[in-house]
Amino acid sequence: MEFLVPQQEQDQTNFSREIMVTDTKNTTKKSGSSRVQMHDQETTNTTSTTKKRYIFLLAINYLCLFVGSISSTLLSKFYFNHKGASRWVSTWVQSAGFPFLLLPIYLPFYVFKSTDRKPFTGFTPKIFSLSILIGFLLGFNNLLFSWGNSYLPVSTNSLVLSSQLAFTLITSVIIVKQKITYANLNCVILLTLSSVLLALGSNHDKPKGLTKSKYLIGFFSTVGAGLLFALYLPLMEKIYKKVHCYSMVVEMQVVMELAATVLATVGMTIDGGFSEMKKESTNMFDLGEKAYWLTIIFNVVMWQLCFMGTAGMVFLTSSLTGGICMTALMAVNVFGGVIVYGDNFGGTKIVSTLLCVWGFASYLYGMYMKMKEEEINKESSTEKLINDDQHQFVKMT
């Protein structure tokens, strides 16, 4: 009996220790699980907030692109339809509204105090130089667009411009290593086919008094504008990879538009464009001087919306997606030309528009499936990471 009691006490002690160890392990697991769940919840909330801000900013930029693209095209044609004749004036208004962009740059810092970042902070000499060079490229592109828009009907001009999408895909593959998928390739083929079909069937679409030579000048000027814009988009995407915030995108846009305005101003000065503006407003524009200056002002504002929306789409998505969104708006421009200016809308344009819509819809579906697949992969990766972290935390504890 003397030995039984100590043995019993020892067994009870060991049993108590086992219970304590078990309780400690359970507490550790619960604590580890709780911490992982809290971290997961914080990550989910942060991701959800960031996603909402991203979608909101994307929607704002596409709205700017939508309104700016349609309005600027119709207003440019309105200018030429009512006896406006200067292509340099039409070029100048496309970039002269860059001072409006200074408002979203300076107001958040100096007035609303909503950001700690000082305007133009982080602007390296390299980015500044590239912005100026691309601005000159954009200015020449604006001149080509003005030539094309002065001769071609709005609907024809819009559909021919959609040919830039095929070149955007090629330049994106070369410059930013864009991956070719079934969705984007199918979209590019359909939209390019739409433009080719329009070009082949556009012989009877010439306005009265427009010679064949001027029609060809307008057609090839528009194609040239599309080619330059196809180079502009991927170049911007490559530069934006070194940009860390949306504010810098707006600031770069100011520098580029300033360079394009300088080019247009030099051209207008040499060609007598400023004196021609005064002459047009008083003697040539058939709706009167007030209507002339209102047309110029609205053109300036709408073009800024268009270019800022384009830059934002490229920064938030990619150059190819930005090009596809712009091309999809060409179909809306076609209907705008038919409704506002009574452009002919025959069988060729109907088929071209349907191909345009089909191509854009197929791309959207491909983007949706890709995002859905990425979301599933992300969820599985997150779940695996959480399980690994939990196991490692319990093990370390």
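Rules used throughout
- Residues numbered from 1 in each chain as written.
- Predicted model: local features only at pLDDT ≥ 70, side-chain atom pairs only at ≥ 80, totals over all residues.
- Heavy atoms only, no water.
- Helix = DSSP H or I, 4+ residues; strand = E, 2+ residues; numbered from the N terminus.
- Buried < 20%, exposed > 50% of the residue type's maximum accessible area, 1.4 Å probe, protein only.
- Contact = heavy atoms within 4.5 Å.
- Areas by Shrake-Rupley, 256 points an atom, 1.4 Å probe, with all protein chains shown as cover.
- Patch = residues over 30% accessible without salt bridge, like charges linked within 9 Å, V, L, I, M, F, W, Y side chains within 5 Å.
- Salt bridge = Lys/Arg side-chain N within 4 Å of Asp/Glu carboxyl O.
- Axes fitted to C-alpha atoms, helices over the stretch in contact; angles between N-to-C directions.
- Parallel < 35°, antiparallel > 145°, perpendicular 65-115°, else oblique.
- Left-handed = near helix turned anticlockwise from the far one by under 90°.
- Nonpolar A, V, L, I, M, F, W, Y, C, P; charged D, E, K, R; others polar.
- pLDDT = per-residue confidence, 0-100.
- Core = buried A, V, L, I, M, F, W, Y, C linked by side-chain atoms within 4.5 Å.
- Phe/Tyr/Trp six-rings, centres within 6.5 Å; stacked < 30°, edge-to-face > 60°.
- Lys NZ or Arg CZ within 6 Å of the ring centre and 35° of its normal.
- Expected span 1.5 Å × (residues − 1).
- Arc of directions from axis to C-beta.

Colleague: Quick question: what am I supposed to make of the overall build of the protein here?
Modeller: Helix and strand content of the protein: 13 helices and 0 strands. For the protein, the N- to C-terminal ordering of α and β elements is α-α-α-α-α-α-α-α-α-α-α-α-α. By residue count, 44% of the 397 residues in the protein fall in the buried class. Considering only contacts within the protein whose residues lie at least 6 apart along the sequence, 84% involve residues at least 24 apart. For the protein, the exposed area adds up to about 21600 Å²; of that, 67% sits on carbon and sulfur atoms.

Colleague: Even after reading the chapter, I still don't get a nonpolar patch on the surface, so can you show me in this structure?
Modeller: A cluster of nonpolar residues, Phe-100, Leu-102, Leu-103, Tyr-106, Leu-107, Tyr-110, Val-111 and Phe-112, forms a patch on the protein surface that exposes about 760 Å² of accessible area. Position of Tyr-110 among the secondary structure elements: in helix 3 (residues 102-111). On the basis of relative accessibility, which here comes to 44%, the residue Tyr-110 falls in the partly exposed class.

Colleague: Honestly, the packing of helix 3 against helix 9 (residues 246-271) in this entry has me stumped. Any pointers?
Modeller: Two numbers describe a pair of packed helices, the interaxial angle and the distance between the axes. At a minimum axis separation of 9 Å, helix 3 and helix 9 run at an interaxial angle of 140°. The angle between helix 3 and helix 9 falls in the class oblique. In this structure, helix 3 meets helix 9 at a crossing whose hand is left-handed. Residues Leu-102, Pro-104 and Ile-105 of helix 3 pack against Val-250, Glu-251 and Val-254 of helix 9. Of the residues contributing to the contact of helix 3 with helix 9, the split by class is 5 nonpolar, no polar and 1 charged.

Colleague: Just to check I follow, could you spell out the environment of Leu-258 for this structure?
Modeller: Relative to the helices and strands, Leu-258 resides in helix 9. Residues Leu-258 and Ala-96, 162 residues apart in the sequence, show an inter-C-alpha distance of 7.4 Å.

Colleague: Mind showing me how you'd approach the packing of helix 6 (residues 164-175) against helix 12 (residues 319-341) here?
Modeller: Running from N to C, helix 6 and helix 12 cross one another at 175°; their axes reach a closest spacing of 9 Å. Considering the angle they form, helix 6 stands roughly antiparallel to helix 12. In this structure, helix 6 contributes Gln-164, Leu-165, Thr-168, Leu-169 and Ser-172 to the contact, and helix 12 contributes Ser-319, Leu-320, Gly-323, Ile-324 and Thr-327.

Colleague: Looking at this model, I keep getting lost on the confidence of the model for the protein. Mind explaining?
Modeller: On average, residues of the protein score 82 in pLDDT, and 81% of them are at 70 or above. Here residues 1-33 scores under 50 on pLDDT; set against residues more than four positions off or in separate chains, the count is 6 contacts.

Colleague: I tried to follow the nonpolar core on my own but got confused; where do I start?
Modeller: By size, the foremost hydrophobic cluster in this structure holds 53 residues, and its most contacted members are Val-89, Tyr-232, Met-236, Tyr-240 and Met-252. Sorting the residues of this core by element identifies helix 1 (4-81), helix 2 (87-92), helix 4 (125-151), helix 8 (212-240), helix 9, helix 11 (289-316) and helix 12 as the ones contributing at least two each. Counting residues per element, this core draws most heavily on helix 11, which supplies 10 residues. In contact with Val-89, not counting residues within four places along its chain, are Tyr-79, Met-268, Gly-273, Met-277, Tyr-292 and Ile-296. By size, the runner-up hydrophobic cluster in this structure holds 13 residues, among which are Leu-191, Leu-320, Ile-324 and Tyr-363.

Colleague: Could you clarify how one ought to interpret the packing of aromatic side chains in this entry?
Modeller: For any pair of aromatic rings, the description consists of the separation of the ring centres together with the inter-plane angle of the planes. Scanning the entire structure with this criterion turns up 18 aromatic pairs. Relative to Tyr-292, the ring of Phe-285 has its centre 5.3 Å away and its plane inclined at 75°; by these criteria the two rings are edge-to-face. Summarising the burial analysis for this pair, Phe-285 and Tyr-292 share the class buried. Following the ring pairs from residue to residue traces out a cluster consisting of Phe-78, Tyr-79, Phe-80, Phe-285, Tyr-292 and Trp-293. Directly above the ring of Trp-147 sits Arg-87, whose terminal nitrogen or CZ lies 4.6 Å from the centroid.

Colleague: What should I look at first to understand helix 10 (residues 273-284) in this one?
Modeller: The periodicity of an α-helix, 3.6 residues per turn, causes residues three or four places apart in sequence to face the same way. The terminal C-alpha atoms of helix 10, which comprises 12 residues, lie only 14 Å apart, well short of the 16 Å expected from a rise of 1.5 Å per residue. Those residues of helix 10 that sit buried are Gly-273, Met-277, Glu-280 and Ser-281. All buried residues of helix 10 project into a common sector of 90° when viewed along the axis, lining one side. Relative to its buried face, helix 10 has exposed residues pointing more than 90 degrees away, namely Ser-275, Lys-278, Lys-279 and Asn-283.

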